[in-house]
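Each chain is listed here by its residues.
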Amino acid sequence: MWGYVKDNKVEEIIRFPRTFIDTENNIKHPRTIFNTWTWEQLNTIGLYEVVDSGSKGNDKFEYTSQAQYSYSSKNKNITTSYTITEKALDDSEAKDEDGNNILDVDGNKLINYGLKTLAKEQAKRTANGLISRFNWLVERSIYDSSKTIPDAVKTYVASIRTDCEEIETAITNCKTLDEFKALYQDEYNYDSDGEIESIKTVNRIGRWSDDSEVKTYLR
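Residues numbered from 1 in each chain as written. Predicted model: local features only at pLDDT ≥ 70, side-chain atom pairs only at ≥ 80, totals over all residues. Heavy atoms only, no water.

Draft legend 1. Focus on the overall build of the chain. Regarding its fold elements, the chain presents six helices and 13 strands. Taking 219 residues into account, the globule formula puts the C-alpha radius of gyration at 17 Å, and the chain, at 28 Å, lies well above it. The buried share among the 219 residues of the chain stands at 28%. In the chain, of all internal contacts separated by at least 6 residues, the share reaching a separation of at least 24 is 50%. In the form shown here, the chain has an accessible surface area of approximately 14,900 Å², with 46% of it arising from carbon and sulfur atoms. (Helix = DSSP H or I, 4+ residues; strand = E, 2+ residues; numbered from the N terminus. Rg over C-alpha atoms; globule rule 2.2 N^0.38 Å. Buried < 20%, exposed > 50% of the residue type's maximum accessible area, 1.4 Å probe, protein only. Contact = heavy atoms within 4.5 Å. Areas by Shrake-Rupley, 256 points an atom, 1.4 Å probe, with all protein chains shown as cover.)

Given below as structure tokens:
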């Protein structure tokens, strides 16, 4: 990626090679210069390398702004920077630019769902997905009373429901974004060199009861 600089100000970001007009000398250059000229040659007509050097937020927890570009005459390049904004943990009423509530077609207030609500809903979906794999056993018992649901499956389903409740409680108890982020962080075992050797504890959001005892009943 290239940037056009004039009077020490980034005038344009060029993402793909194209015909370029050197307005200073009124010369029209073909698109091939972007791939054949050296950076030194490109610099003479105001074209500089764009280095994506700014830190971006984690899309799961934060919003990252569009890139802001800055020219460095010392390094002869253009660097990027970003504004990172935390996503809201809690729900809020949707407002317009005048601060008025935004309503749906039925006149109900629209809600901006926060990270905690979204995470709880995801936990419910995960739990339902894990449990639904055994729905066929329930249906079978309805049509054939002699076919009971295995105790191992009943125990597993109960464990999944408990897992979901514990995850939702952990989410509810978060007061800060850092506490919320911690729910997604695994705990690791490290070797003598300080390198990750294995996962010691799976993060709370992703930790669900083991299904090894009920695999034979999966559908």
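Draft legend 2. Looking closely at the pattern of salt bridges. Applying the stated criterion across every chain yields a total of 11 salt bridges. Here arginine 133 makes a salt bridge to aspartate 211, at a shortest N to O gap of 3.2 Å. Of this pair, arginine 133 sits in the loop between helix H3 (115-132) and helix H4 (135-143) while aspartate 211 is found in the segment after strand S13 (196-201), placing the two residues 78 residues apart along the sequence. The same class applies to arginine 133 and to aspartate 211, which are both buried. (Salt bridge = Lys/Arg side-chain N within 4 Å of Asp/Glu carboxyl O.)

Draft legend 3. Layout of the packing of H3 against helix H5 (residues 151-172). Put simply, H3 and H5 touch, their axes get as near as 10 Å, and they point 175° apart. Comparing their axes, H5 and H3 come out roughly antiparallel. Contacts between H3 and H5 involve Lys116, Ala119, Lys120, Ala123, Lys124, Ala127, Leu130 and Ile131 from the former and Tyr156, Val157, Ile160, Arg161, Cys164, Ile167, Glu168, Ile171 and Thr172 from the latter. (Axes fitted to C-alpha atoms, helices over the stretch in contact; angles between N-to-C directions. Parallel < 35°, antiparallel > 145°, perpendicular 65-115°, else oblique.)

Draft legend 4. Spotlight on the environment of isoleucine 33. Its location among the elements puts isoleucine 33 in helix H1 (residues 33-36). Isoleucine 33 sits in the buried class, given a relative accessible area of 3%. Between the alpha carbons of isoleucine 33 and glutamate 168 there is a distance of 57 Å; along the sequence they are 135 residues apart. Residues within four places of isoleucine 33 in sequence aside, it is in contact with Phe20, Leu42, Ile45 and Leu47.

Draft legend 5. Highlighting the packing of aromatic side chains. Throughout the structure, instances matching the rule amount to eight aromatic pairs. Consider the rings of tyrosine 4 and phenylalanine 20, whose centres lie 5.3 Å apart with planes at 70°: the pair is edge-to-face. Here phenylalanine 20 lies in strand S3 (residues 20-22) and tyrosine 4 lies in strand S1 (residues 2-6), a separation of 16 residues in the sequence. The class of phenylalanine 20 is buried, set by a relative accessible area of 3%. (Phe/Tyr/Trp six-rings, centres within 6.5 Å; stacked < 30°, edge-to-face > 60°.)

Draft legend 6. Structural context of the environment of tryptophan 2. If you trace the backbone, tryptophan 2 turns up in strand S1. A sequence separation of 155 residues divides tryptophan 2 from valine 157, and the C-alpha atoms of the two residues are 56 Å apart. Setting aside its immediate chain neighbours within four residues, tryptophan 2 contacts Glu12, Ile13, Ile14, Arg15, Phe16, Pro17, Phe34, Asn35, Trp39, Leu42, Tyr48 and Val50.

Draft legend 7. Structural detail: the state of the cysteines. All chains considered together, the criterion is met by zero disulfides. There is no disulfide at cysteine 174, and the cysteine sulfur nearest it, in cysteine 164, is 15 Å away. Cysteine 174 gets classed as buried once you look at its relative accessible area, which sits at 5%. (Disulfide = S-S within 2.5 Å.)

Draft legend 8. A look at the sheet that holds strand S7 (residues 68-72). Taken together, the five strands give an open sheet; going across it, the order is S2-S1-S5-S8-S7, and neighbouring strands pair in mixed fashion. Every other strand in the sheet has two partners, leaving strand S2 (9-14) and S7 as the edge strands with one partner each. With direction set aside, neighbouring strand axes in the sheet form an average angle of 35°. As paired strands, S7 and strand S8 (residues 77-81) are joined by five bridges and run antiparallel to one another. (Pairing = 2+ DSSP bridges.)

Draft legend 9. Molecular detail of the nonpolar core. Among the nonpolar cores identified, the biggest contains 24 residues, and Ile160, Ile171, Phe180 and Trp208 are the most heavily contacted of them. With seven residues, H5 is the largest single contributor of residues to this core. Those residues in contact with tryptophan 208 that lie beyond four places of it in its chain are Ala123, Thr126, Ala127, Leu130, Ile160, Asp163, Cys164 and Ile167. (Core = buried A, V, L, I, M, F, W, Y, C linked by side-chain atoms within 4.5 Å.)

Draft legend 10. Structural detail: the side chain of asparagine 203. Positionally, asparagine 203 belongs in the segment after S13. Asparagine 203 sits in the buried class, given a relative accessible area of 12%. Polar side-chain contacts of asparagine 203 include one of 2.6 Å to the backbone nitrogen of glycine 206. Asparagine 203 has contacts with Leu183, Tyr184, Gln185 and Asp186, leaving out every residue within four places of it along the chain. (Polar contact = N/O pair within 3.5 Å; in protein donor to acceptor, adjacent residues only side chain to side chain.)

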